[in-house]
Amino acid sequence: MNTMLNETELTFKAFEQNTFRMVCEWARDYTKEFLERYDDYLMETRDKGAYRNKGKRKTTVKTVYGEVEYGRRVYEVTREDGLKEFVHLLDEQLEISGVGLISMNMAEQMVSSITETSYRETASRITEMTGQSISAMGVWNVIQSLGEAVCEDERQLVKEHKAGNVSGEKETPVLFEETDGVYVRLQRERNTKGEIKVGIAYDGWKKTGKNRYSLDGKVVVAGFSTSSEFQAYREAAIAEIYNMDEVELRIMNADGAEWVKNICDSDTVFQLDPFHRNKAIKENVPYPEHAKRIHSLLEQKELDELFKYLEIYRNSLIDGDEIEKAERLIAYFSNNRHGLIPYNQRDLLIPDSPENLEYRNLGTMENHIGSVIARRMKHNHASWSIRGGNNLAKILAKKGSGRLNEVVNKLKKPTFERRIVEQIKAHILSAYEANKKVGKGYTYPVQGSVPNINSQIKPARQAWKVITGVSID
């Protein structure tokens with residue numbers, strides 16, 4: 001302590017950083033010893049007739065406290081067809097997934113960060129905030145593997161839904177749906193954009209504060225896909241959460257794109273998104289008095305009069321560009337005539353809302369879609385491959401649904417036998433051994449050296465739970 005206090009340039013920031021590094025070094029040593037002792041146990045208890053020991057091989061696992069190198073044995077086994085293969089019993093016991101040797105805590109850090117920042121920024125953040133140094137490409141590889149695992153789950157869900165095996169438990173009389181497309185830049189194709197289709201479903205609005213509401217029971221789907229593929233997964237994802245037999249009314253709010261209307265079944269009430277409807281008027285009618293009249297006829301639900309007025313307005317124009325814009329508006333409104341009037345202004349029999357929920361005006365689709373996809377993927381000159389963009393969109397959709405944890409769960413969780421864990425812990429974590437480990441071979445990076453701490457350090461029960469995922473209470 002005197003050595004540290006005598007450092008003229010010592011700050012608490014430096015002290016905190018160096019203490020963190022020292023604890024990470026201890027954790028790496030501890031993990032290495034634990035894994036190798038567990039590998040010894042598996043060697044001793046294996047079926048020696050089936051698993052022939054071929055010696056140790058080194059590997060590494062990336063954790064939140066740094067990269068741990070350890071040795072584990074490889075075994076030769078003979079399959080039923082007579083062919084030989086080599087396996088690592090320790091990897092099988094820990095159920096290391098195809099993502100590579102990445103701990104779940106590490107993957108969780110990556111997934112959480114990548115939904116907000118770029119791959120490069122995520123790598124930098126993880127390097128700064130953990131004991132692990134990782135490159136942007138390293139983060140990319142993990143995210144792609146996890147995204148593809150999510151895609152495989154989607155395919156299985158669609159298959160089960162088509163077989164009639166998917167039915168959620170949440171019941172609602174009305175299901176609100178919003179669908180839109182977000183165009184993002186594509187890599188290797190100059191001036192080319194690709195459309196990520198996005199769909200949201202929910203059962204109403206929950207009041208969270210004064211004039212503040214949030215969507216309840218939100219289900220979000222997204223990805224590069226054809227209309228039929230998107231529709232198949234959208235229906236399956238909704239059915240996974242909601243009991244569709246109890247839904248009496250489905251309301252679709254969209255911008256009027258042809259592919260969106262094609263995914264609506266005959267029982268779905270279509271509404272042209274008010275934001276896009278009003279935007280079309282603003283962009284195509286430059287005269288305030290005419291725009292005001294168009295809005296007034298819409299509010300009065302006088303559609304016949306509206307189209308008559310639009311024809312008169314077009315015929316009164318002389319400028320070619322203005323005529324073209326008027327015709328564009330007429331075509332847009334004609335193609336979406338049955339959705340021009342908001343759902344709650346029609347003569348619809350709308351069931352009462354569930355307790356603690358409200359039915360409100362639809363018209364914030366752009367905000368909902370933007371918060372899911374556009375904010376992360378559309379700005380900062382970002383460009384995407386179809387594969388990379390699709391995988392990230394799947395992860396962002398999971399976040400939008402409040403199910404981001406499911407992405408990390410694609411990594412299989414380590415499983416240890418409790419009895420053996422206790423035995424190994426007893427050998428490794430005596431107070432004396434732990435005391436010797438801390439600071440062993442460690443160089444204090446500012447000035448001087450880390451002083452020897454003579455007081456005993458008791459093993460932290462919660463630290464053990466974090467490191468192994470096993471409760472010792």
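Residues numbered from 1 in each chain as written. Predicted model: local features only at pLDDT ≥ 70, side-chain atom pairs only at ≥ 80, totals over all residues. Heavy atoms only, no water.

Caption draft 1: Local environment of the pairing of strand β5 (residues 193–202). Among the 10 residues that make up β5, 9 are buried, leaving the element largely enclosed by the rest of the structure. Direction of pairing for strand β4 (residues 174–186) relative to β5: antiparallel, over a ladder of 10 bridges. When the sheet's bridge partners are listed, V182 is paired in β5 with I196. Pairing of β5 with strand β8 (residues 219–223) involves 5 bridges; the strand directions are antiparallel. If you follow I200 over to β8, its bridge partner there is V220. (Buried < 20%, exposed > 50% of the residue type's maximum accessible area, 1.4 Å probe, protein only. Helix = DSSP H or I, 4+ residues; strand = E, 2+ residues; numbered from the N terminus. Pairing = 2+ DSSP bridges.)

Caption draft 2: The arrangement of the packing of helix α6 (residues 136–162) against helix α14 (residues 386–400) in detail. As a packed pair, α6 and α14 sit with axes 8 Å apart at the nearest point and diverge in direction by 70°. As summarised for this structure, α6 and α14 are arranged roughly perpendicular, according to the angle between their axes. Pair α6 / α14 crosses with left-handed handedness. Taking contact as the criterion, the partners of W140, I143, Q144, G147, E148, V150, C151 and E154 in α6 are, on α14, R387, G388, N390, N391, K394, I395 and K398. Here the contact of α6 with α14 is composed, by residue class, of 5 nonpolar, 5 polar and 5 charged. (Axes fitted to C-alpha atoms, helices over the stretch in contact; angles between N-to-C directions. Parallel < 35°, antiparallel > 145°, perpendicular 65-115°, else oblique. Left-handed = near helix turned anticlockwise from the far one by under 90°. Contact = heavy atoms within 4.5 Å. Nonpolar A, V, L, I, M, F, W, Y, C, P; charged D, E, K, R; others polar.)

Caption draft 3: Local environment of the pattern of salt bridges. A complete count under the given rule lists 28 salt bridges for this structure. Residues R314 and E311 are paired through a salt bridge, measuring 2.4 Å at the closest nitrogen-oxygen approach. In this pair, R314 and E311 are both assigned in helix α11 (residues 303–315), 3 residues apart and thus about one turn of the helix distant. Between E406 and K398 there is a salt bridge, with the nearest N and O atoms lying 3.0 Å from each other. On the accessibility criterion, E406 (24% relative accessible area) is partly exposed. Classification of K398 as buried rests on a relative accessible area of 13%. The structure contains a network of salt bridges with shared partners spanning K170, D203, K206 and D216. (Salt bridge = Lys/Arg side-chain N within 4 Å of Asp/Glu carboxyl O.)

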